[in-house]
Amino acid sequence: LIPGLMETVRYNVLHEMGDLKLFEWGKVFFDRENQAQPLEKICLAGVVVGMYTEKSWHNEERAVDFFDMKGIMAGLFESLGLEGFRFKREKDLPGYDQEISSAIYCADTRLGQVGFAAPEVTDAYELKMNSVCLFEIDVAALLAVLPEKRTFVPFGRFPAVHRDLSLVLDRGTECDVVTDIIKEVGGHLLESVHVFDLYEGERIDSSEKAISFKISFRSDRGTLDGEEINRLYEAIVEEVRSKTGGKLREG
């Protein structure tokens, strides 16, 4: 579906319509060696180019980036009730920029891919722009991992306890690695964890990056004890240090 979407982008850009958010749902045919009939799949694909937000009195103009498209994918999966999906860096994604792209998995099932179009792709469509974000989803693979039923989880009766965790990590360490450690150590008391800040600049070594996580703990049995959460927090920090070589960010 991507070639058709790229041709649509090219047509619109030539007519001075450069800020686009498009998607398409349709059949894709894959060649099967030594078989007369190709493999037929239903796929979902999309493209976002140009400005993701327009300048206004309360908002600055900003070009689309990889994290916008990644967020679109996460929002789609969450709205469908899918849990355990993850974005995994892979180097062999034809048509995608190998440095700004990732495959999408749920457990061992590959759902698709997301990322910037490779420079040779944008050049082929005569697109003189830095960011063309794409995604492709195998619909059958997605349907196979969706939960059969969606169960409402009651709101917590007891207050949550929040902790911020700011780490300095090697640039090659992916956020999901740290998130998985937090989930494993946090266990049943961990309610949620998400990244709220990323820093790469002069205040840290060029081989490092600083990432901050907001962690929420909650129990369905009673109000959490501060000392218990502190011990759990320290256990998370120690496990992150052990498995990634990361360290707490000072200041």
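Residues numbered from 1 in each chain as written. Predicted model: local features only at pLDDT ≥ 70, side-chain atom pairs only at ≥ 80, totals over all residues. Heavy atoms only, no water.

Chemist: Describe helix α1 (residues 2-14), with residues and values.
Modeler: If you check α1, its first and last C-alpha atoms are 18 Å apart, about what 13 residues at 1.5 Å a residue would give, namely 18 Å. Taken together, the buried residues of α1 touch β1 (20-30), β2 (39-49), α3 (119-124) and β8 (132-138). (Helix = DSSP H or I, 4+ residues; strand = E, 2+ residues; numbered from the N terminus. Expected span 1.5 Å × (residues − 1). Contact = heavy atoms within 4.5 Å.)

Chemist: How would you sum up the sheet that holds strand β6 (residues 96-106)? Please name residues and give values.
Modeler: Read across the open sheet, the six strands follow the order β1-β2-β8-β7-β6-β5; overall the sheet is antiparallel. With partners counted over all chains shown, the strands left at the sheet margins are β1 and β5 (85-88), one partner each. Strand-to-strand twist of the sheet, defined as the mean angle between neighbouring strand axes without regard to direction, takes the value 20°. (Pairing = 2+ DSSP bridges. Axes fitted to C-alpha atoms, helices over the stretch in contact; angles between N-to-C directions.)

Chemist: Now, about the packing of aromatic side chains: what can you tell me, with residues and values included?
Modeler: Counted by the stated rule, this structure contains four aromatic pairs. Between Phe-152 and Phe-155, the aromatic rings sit 5.9 Å apart at their centres with planes inclined by 80°, giving edge-to-face as the arrangement. In this structure, Phe-152 and Phe-155 share a single accessibility class: exposed. Taken together, Phe-77, Phe-85 and Phe-87 form an aromatic cluster joined through their ring pairs. One residue, Lys-88, lies across the ring of Tyr-105, its end atom 5.6 Å from the ring centre. Taking the ring centre of Phe-196 as reference, the NZ or CZ of Lys-214 above it sits at 5.5 Å. (Phe/Tyr/Trp six-rings, centres within 6.5 Å; stacked < 30°, edge-to-face > 60°. Buried < 20%, exposed > 50% of the residue type's maximum accessible area, 1.4 Å probe, protein only. Lys NZ or Arg CZ within 6 Å of the ring centre and 35° of its normal.)

Chemist: Tell me about the pattern of salt bridges, residues and numbers included.
Modeler: Counted according to the given criterion, the structure contains 15 salt bridges. As a salt-bridge pair, Lys-27 and Glu-40 come within 3.3 Å of each other at their nearest N and O atoms. With Lys-27 in strand β1 and Glu-40 in strand β2, the pair connects residues that are 13 residues apart, well separated along the chain. On the basis of relative accessible area, Lys-27 is assigned to the exposed category, the value being 52%. For Glu-99, the salt bridge is made with Lys-91, and the minimal N-O distance between the two is 2.9 Å. (Salt bridge = Lys/Arg side-chain N within 4 Å of Asp/Glu carboxyl O.)

Chemist: Talk me through the sheet that holds strand β12 (residues 247-248); I want residue IDs and the actual numbers.
Modeler: Strand order in the open sheet made by the four strands is β10-β11-β9-β12, with antiparallel pairing throughout. Whereas interior strands pair on both sides, the edge strands pair on one side only; in this sheet they are β10 (190-199) and β12. In this structure, strand β9 (residues 161-170) lies alongside strand β11 (residues 208-217), joined through ten bridges in antiparallel fashion. By the bridge assignment, Leu-167 is partnered in β11 with Ile-211. Strands in contact with helix α5 (residues 175-186) are β9, β10 and β11; relative to β10, the strand with the most contacts, it is inclined by about 150°.

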